[in-house]
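Structure at a glance
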Amino acid sequence: MNRILRVAQREYIEAVKTKTFIVSVLMTPVLIGVIIFFTSRLSLDAIGPRPPRTVAVTDLTGRLGDHLKASFDQYNEAHPQRRIVLELLPPEPDLDALLAQAKQRVRQGEWHAYAVMEEGIVDGDGKVRLYTHSKRAADIDISGTIDRLLTQPVVDMRCALRDLSPALLAEIRYVPVEQLAADVGPASQDTRMSEIDQVIKMMVPFFFMFLMLMGIFGTGQQMLSSVIEEKSSRVIEMLLSALTPFQFMAGKILGLAAIGLTVITIWSVPAVLVLGLQGINLDLGVALPICFVIYYILGFLLFSSILGALGSICNTIKEAQSLMMPMTLILVLPTVAWFNIAQNPDAAFARILSYVPPITPMVMILRISASPQIAALEVVATILLLAASVPVAMWMAAKVFRTGVFMYGKRPALREVLRWLGEK
Amino acid sequence: MTDALVLDDVCKSFGPVRAVDHLSARVPTGCVYGFLGPNGAGKTTTLRMVMDIIRPDSGRIEVLGDGRRAAQQSRIGYMPEERGLYRKMTAAKVLTYFGQIKGMSDRQVADRARQWLARVGLAQAANRKVEDLSRGMHQKLQFAVTCINEPELVILDEPFSGLDPVNLDATRGIILAMRDQGKTIIFSTHVMHEAERICDRILLINRGRPIVDGTLDQIRARWQAGTVSVELEGNADLLAALPIVERVTPVDRGLEITLSPEADPQQLLAELVGRVTVVSFAVKVPSLHEIFVNLVGADSEQNS
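So, here's what we can say about the structure. (Residues numbered from 1 in each chain as written. Chains lettered and ligands numbered in written order. Predicted model: local features only at pLDDT ≥ 70, side-chain atom pairs only at ≥ 80, totals over all residues. Heavy atoms only, no water.)

1. Quick word on empty space enclosed by the protein
All names here are of chain B. Heads up, the condition is: Within this scheme a cavity is a closed region of a 1 Å grid, computed over the protein atoms alone, that accommodates a 1.4 Å probe without allowing it to escape, whereas a pocket is open but has protein on both sides within 12 Å along at least five of seven lines; lining residues each have an atom within 4 Å of a point. Grid points are joined across faces, edges and corners, and a volume is the space filled by probe spheres set on the points. Numbering of helices and strands starts at the N terminus; helices are DSSP runs of H or I of at least 4 residues and strands are runs of E of at least 2. Amino acids outside the nonpolar list (Ala, Val, Leu, Ile, Met, Phe, Trp, Tyr, Cys, Pro) and the charged list (Asp, Glu, Lys, Arg) are all regarded as polar, and Gly is one of them.
Scanning the entire structure with this criterion turns up two cavities of 30 Å³ or more. Space inside the largest cavity adds up to approximately 60 Å³. For the largest cavity, the full set of lining residues is Leu-5, Leu-7, Ala-25, Val-27, Tyr-33, Phe-35, Thr-46, Leu-47, Val-50, Ile-186 and Leu-203. For the lining of the largest cavity, the elements supplying multiple residues, two or more each, are β1 (3–14), β2 (17–28), β3 (32–36) and α1 (43–50). A per-element tally of the lining of the largest cavity places α1 first, with three residues. Along the lines of polarity and charge, the residues of the lining of the largest cavity split into 10 nonpolar, one polar and no charged.

This is the structure in structure tokens:
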């Protein structure tokens, strides 16, 4: 046992000491913080002026022209740096030719959009036909504005036709909704839930899944590179003369698990503190952290045994990367599907993924944090399945490791590796 | 005294290749045992099986009087052929780490590490990183790592490769000093004159099978009798007529005489004296190198 701890200790210290580790561990939260800060603080106007965009309009009613001009002028006055220029095209006898020409100019990027206000739009069943071409990311905010600028005059005219004041209409349409948390306590102490609260609540499952993924995957990578380093620097045989393969692997896994927990702590403590300072109470309960630790340990054991075996048959990191591909694809699945899983934690899709051992921890932590009412039976079943797959993976990894680690030169074919599993 | 190592009918195959083929041997405690053979003879495989790094397909291996080898690891020091050390750690730290994983206590390790660094001449380099050490220093550090736990049995796979004459002498000195302390040293090599200088006993293997096993004197005695070189004044024709002479070959100014098997060189000398003037008479002692080349050559011919 003492030797296992020694191996774990070295693994931990040598990994934590490296510049890559310090930079990546400390920089990641800083980077995420910076991104969040800038996206939330920087309003669109602060980005700087944008060249004016032109919207061409053909008004078939013949009545909207002045109103449209007024509507656009008002907007441009308020947003001098993000002007939207209105260009009125008088209707021509050959409407089709006009349309074809206009569409071409939109395609060429001369105009941002071309709109046709149909004849019955004010008092019949006409509509606005809005032609646009490429969607530029920089124009992401513009289409809503154009919609509003084009329809507002129509609404105003409809009001005028019915003798209705537009201000009254706005008043009628305004119904305030207050988002409140369903806490225990009298109505006077209700806490308001801002939009940011809701976003955070929505992000909690992702946050936990991300921690799980980084804890398992990131440190698993460390396992891979450390085994390959020991193999390529030929230190492995010196080690195996002093340690049994079991002591060696157990020590490594233990050390790396400690690294993973360190990373998770470094990342989650400031996150929780920041949320606490903002007055946002996550109220995670007891079950989630307990489940997290169980899933993390099992998932880590499974994954690092697989990667240890993988590392033992490779001579360089580069070689290992091609073998990692299928593993990476499987692990990326929960990251891609997280929203779906978090929204429908009890759907068949989420359930099936829960029983695929390498990604069980990620999927289950998503499901548990998205819906605490998840069936305890499922939690127990997935933990048991994961726990059962760990010794199987370790046994196979030990077989592969024993032979693979002394194979220098050409990487063995899969068939050969499978044959090792049958050897005693 | 019990044997330090017993191999009993050990076999190991890698796929279709038989690396070790019914190998049996005994290594008595307290000797320097040379494990010789050409490249690919199965030396490294055998040593790895002794270390329980790989397992034999069949046969029995007994180390330090015990069949259960894992428990013996702290009593054995092993320097593999494929050897390296953590490049980013300092010499002292590497040595300390290996002492620790060989089960030594912290206090013990600190003392021993200092002693061994001094012994192999690396005291000045204790705080230098392994990657900054020269090749020779590297090798000496590995030697120290192997011996840090003062093992009873030291197994060295090709310990002399890459050493300059000065370091070679130093390493040889340490090996002999350990032998004098009653430790057993097994090393493999294909450098015959090194083996000749320090080995008490030798096992020569080829293609996984033992060819010669015994003390250096026994082996020499068995292979020396064959040839005598003489320098004579007078008519040497009588030599060819002697029944104990098989063949006479002129070499430079003298003659090389191959005796028939069982013949004693002393008998030849007795025959010569009085008939001719013997200027020089020397029973040729074959070098291990010659024995090796002859035996391995013959063995390989036989089987190809």
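2. A look at the pairing of strand β5 (residues 76–79) of chain B
All names here are of chain B. Using the following cut-off: Relative accessible area decides the class of each residue, using a 1.4 Å probe on protein chains only: under 20% of the type maximum gives buried, over 50% gives exposed, and in between gives partly exposed. Only strands joined by at least two bridges in the DSSP assignment are considered to pair.
Of the two faces of β5, the one holding Ile-76 and Tyr-78 and the one holding Gly-77 and Met-79 are both buried throughout. Relative to strand β6 (residues 153–157), β5 runs parallel, the two being bridged by four bridges. Counterpart to Tyr-78 in the pairing with β6 is Ile-155.

3. Structural notes on the sheet that holds strand β4 (residues 58–63) of chain B
Residues and elements named next belong to chain B. Note the following rule: Fitted lines through C-alpha atoms serve as axes, helices being fitted only where they are in contact, and the angles separating the N-to-C directions of these axes extend from 0 to 180 degrees. We call two residues in contact when some of their heavy atoms are within 4.5 Å.
The three strands lie next to each other as β2-β1-β4, forming an open sheet whose pairing is antiparallel. Edge positions in the sheet fall to β2 and β4, since each of these pairs with one other strand and no more. The average undirected angle you get between the axes of adjacent strands in this sheet is 15°. By the bridge criterion, eight bridges tie β1 to β2 in an arrangement that is antiparallel. Bridge pairing in β2 places Phe-14 opposite Val-17. Against the sheet, α1 touches β1, β2 and β4, its axis set at about 120° to β1.

4. Points about the interface of chain A and chain B
The following threshold applies: Throughout, buried area stands for the accessible area (probe radius 1.4 Å) lost by two parts on being put together, summed over both. Here, a salt bridge means any side-chain nitrogen of Lys or Arg that lies within 4 Å of a carboxyl oxygen of Asp or Glu. Any N or O atom pair separated by 3.5 Å or less is treated as a polar contact, with the protein-specific requirement of one donor-capable and one acceptor-capable atom, and with residues adjacent in sequence counted only for side-chain atom pairs.
Listed as interface residues are 24 residues of chain A and, on the opposing side, 31 residues of chain B. A combined buried area of about 2,700 Å² lies between chain A and chain B, and 54% of that area is made up of carbon and sulfur atoms. For chain A, the biggest contributors to the area lost against chain B are Arg-6, Glu-237 and Met-238 of chain A; these three give 26% of the whole. At the boundary of chain A and chain B, one finds two salt bridges. In this structure, the salt-bridge partner of Arg-48 of chain B is Glu-237 of chain A, at a minimum N-O distance of 2.8 Å. Seen at the junction of chain A and chain B, the total is eight residue pairs in polar contact (both at pLDDT 80 or more).

5. Structural notes on the sheet that holds β3 of chain B
All names here are of chain B. Ordered by their spatial adjacency, six strands build an open sheet running β5-β6-β7-β3-β8-β9, and the pairing between neighbours is mixed. Unpaired on one side and paired on the other, β5 and β9 (209–215) mark the two borders of the sheet. Adjacent strand axes in the sheet meet at a mean angle of 15° when their direction is disregarded. Of the strand pairs in this sheet, β6 and strand β7 (residues 184–189) are connected by five bridges, and their pairing is parallel. Among the inter-strand pairings, Asp-157 is bridged to a residue of β7, identified as Ser-188. Running over the sheet, α1 touches β3, β5, β6, β7 and β8 (201–206) and is turned about 150° from β6.

6. Focus: the pairing of β3 of chain B
All names here are of chain B. Of all five residues in β3, five are buried; the element is thus mostly enclosed. The two faces of β3 match: Val-32, Gly-34 and Leu-36 on one face and Tyr-33 and Phe-35 on the other face are all buried. Here β3 runs beside β7; their pairing, made up of five bridges, is parallel. Following the sheet pairing, Tyr-33 is matched in β7 by Ile-186. Note that β3 and β8 share four bridges and pair parallel. The residue bridging Leu-36 from the neighbouring strand is Leu-204, located in β8.

Structural measurements only, silent on function.
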